[in-house]
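Below, each chain spelled out in residue letters.
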Amino acid sequence: MHLFWEHGYEATSLAMLREAMGLTPPQIYNAFTDKETLFRKALTRYHQTEIGFALEALSAPVPTGEAIRRLLLGAAEAYSRAGKPGGCLFVSGALAASPQAQAIADELKAYRKASEAAIAERLAKGRAMGDLPEGLSVEGFAKYLAGVMNGMSIQARDGASVEELRTLAQTALAVFAIEGQKQGASSKE
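Computed from a predicted structure; not experimentally measured.

As a further point, take helix α8 (residues 102-129). The terminal C-alpha atoms of α8, which comprises 28 residues, lie 40 Å apart, in line with the 40 Å expected from a rise of 1.5 Å per residue. Among all positions in α8, only I104, A105, L108, Y111, E116, I119, A120, R122, L123 and G126 are buried. Against α4 (35-50), α5 (52-59), α6 (64-79), α7 (89-92) and α9 (138-157) lie the buried residues of α8. Of the residues one or two after α8, G130 is the one with positive phi, at around 90°.

So, in structure tokens, the structure goes:
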């Protein structure tokens, strides 16, 4: 998982996998069939072990603004964790995918879309509870938040510190607060 996370699907070679796992190529193929199957298992493992911060933030019984704050600040922490590759495997795994790896790129896109849908679902719940302005586009704001998180992932891969990622998160939260104030003011007029 760490090799794919650090190097991406295509740049992770069989030799790298062999060395990391201590298996011969026939053992790797016997255990996983092929590199694509192994990558999918790594994605499942990543989902199970590395995105708990997002699941916790989106399911927490807190106001929507607090859930979003936890989500973005959690991403800052998770994407810059010591001893782990920077960023998010779902973002970095296919940054340089060739046409031969289109199926992998599509699978990673599906994970990113599922994350965006989970954010939209939480925002819709928040709007129904009255803690988001009625005029706010849930889908548009979810896409914005997913874009911020994707950007944070790329920044982390480029070496951004947790402090720099927190600043990105705080800036996104400030934009949300300003937009929320505008929405509230226009609905009072």
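For the chain, the average pLDDT comes to 89, and 93% of its residues sit at 70 or higher. The lowest-confidence element of the chain is helix α10 (residues 162-188), averaging 75 in pLDDT; the highest-confidence one is α6, averaging 96. Taken as a whole, residues 185-189 scores under 50 in pLDDT and shows zero contacts with residues more than four places along the chain or in a different chain.

The end-to-end C-alpha separation of α9 is 29 Å, in line with the 28 Å expected for 20 residues at 1.5 Å each. Among the residues of α9, those classed as buried are V138, F141, A142, L145, A146, V148, M149, M152, S153 and A156. Around the axis of α9, the buried residues are gathered within 155° of arc, so they sit on the same side. G159 lies just past α9 and shows a positive phi near 100°.

There is about 430 Å³ of room inside the largest pocket. Lining the largest pocket are 26 residues; nearest its centre among them are Y111, R112, A114, S115 and E116. Counting residues per element, the ones that place at least two in the lining of the largest pocket are α4, α5, α6, α7, α8 and α9. Of the residues forming the lining of the largest pocket, the biggest block, nine residues, is contributed by α8.

Turning next to the nonpolar core. In this structure, L72, Y79 and L123 are the most contacted members of the largest nonpolar core, which totals 53 residues. The residues contacting L123, other than those within four sequence positions of it, are T64, I68, L132, V138, F141, A142 and L145.

What follows covers the pattern of salt bridges. Taken as a whole and judged by the stated rule, the model has eight salt bridges. Taking the shortest distance from any N to any O, the salt bridge between E50 and K84 comes out at 2.6 Å. Residue E50 is found in helix α4, and its partner K84 is found in the loop between α6 and α7; the two are separated by 34 residues along the sequence. Using a relative accessible area of 28% as the deciding quantity, one classes K84 as partly exposed. Measuring nitrogen to oxygen at the nearest pair gives 2.9 Å for the salt bridge that ties R70 to E66. Of the two residues, R70 and E66 both sit in helix α6, four residues apart, roughly one turn of that helix. Counted as one network, the salt bridges with shared partners bring together E36, R40 and E107.

A separate point is the packing of aromatic side chains. Inspection of every chain in the model, using the stated rule, returns eight aromatic pairs. The interplanar angle of 85° and the centroid separation of 4.9 Å between the aromatic rings of F4 and F39 together place this pair among those described as edge-to-face. In this pair, F4 sits in helix α1 (residues 2-7) while F39 sits in helix α4, placing the two residues 35 residues apart along the sequence. Here F4 and F39 have matching classes, each one buried. Judged by relative accessible area, F39 falls into the buried class, the value being 0%. An aromatic cluster is built from W5, Y46, F90 and Y111, whose rings are joined through pairwise contacts. Sitting over the face of the ring of Y9, K35 holds its NZ or CZ atom 4.8 Å from the ring centroid.

Contact geometry of α5 with α6 gives a least axis separation of 8 Å together with a crossing angle of 170°. The orientation of α5 relative to α6 falls into the category roughly antiparallel. Each of F53, A54, A57 and L58 in α5 lies in contact with α6, whose residues at this interface are A67, R70, L71, G74, A75, A78 and Y79. Considering only residue class, the contact of α5 with α6 consists of nine nonpolar, one polar and one charged.

Conventions we followed
- Residues numbered from 1 in each chain as written.
- Predicted model: local features only at pLDDT ≥ 70, side-chain atom pairs only at ≥ 80, totals over all residues.
- Heavy atoms only, no water.
- Helix = DSSP H or I, 4+ residues; strand = E, 2+ residues; numbered from the N terminus.
- Expected span 1.5 Å × (residues − 1).
- Buried < 20%, exposed > 50% of the residue type's maximum accessible area, 1.4 Å probe, protein only.
- Contact = heavy atoms within 4.5 Å.
- pLDDT = per-residue confidence, 0-100.
- Arc of directions from axis to C-beta.
- 1 Å grid on protein atoms, 1.4 Å probe; cavity = no way out; pocket = protein on both sides within 12 Å on 5 of 7 lines; lining within 4 Å.
- Points joined across faces, edges and corners; volume = space filled by probe spheres on them.
- Core = buried A, V, L, I, M, F, W, Y, C linked by side-chain atoms within 4.5 Å.
- Salt bridge = Lys/Arg side-chain N within 4 Å of Asp/Glu carboxyl O.
- Phe/Tyr/Trp six-rings, centres within 6.5 Å; stacked < 30°, edge-to-face > 60°.
- Lys NZ or Arg CZ within 6 Å of the ring centre and 35° of its normal.
- Axes fitted to C-alpha atoms, helices over the stretch in contact; angles between N-to-C directions.
- Parallel < 35°, antiparallel > 145°, perpendicular 65-115°, else oblique.
- Nonpolar A, V, L, I, M, F, W, Y, C, P; charged D, E, K, R; others polar.

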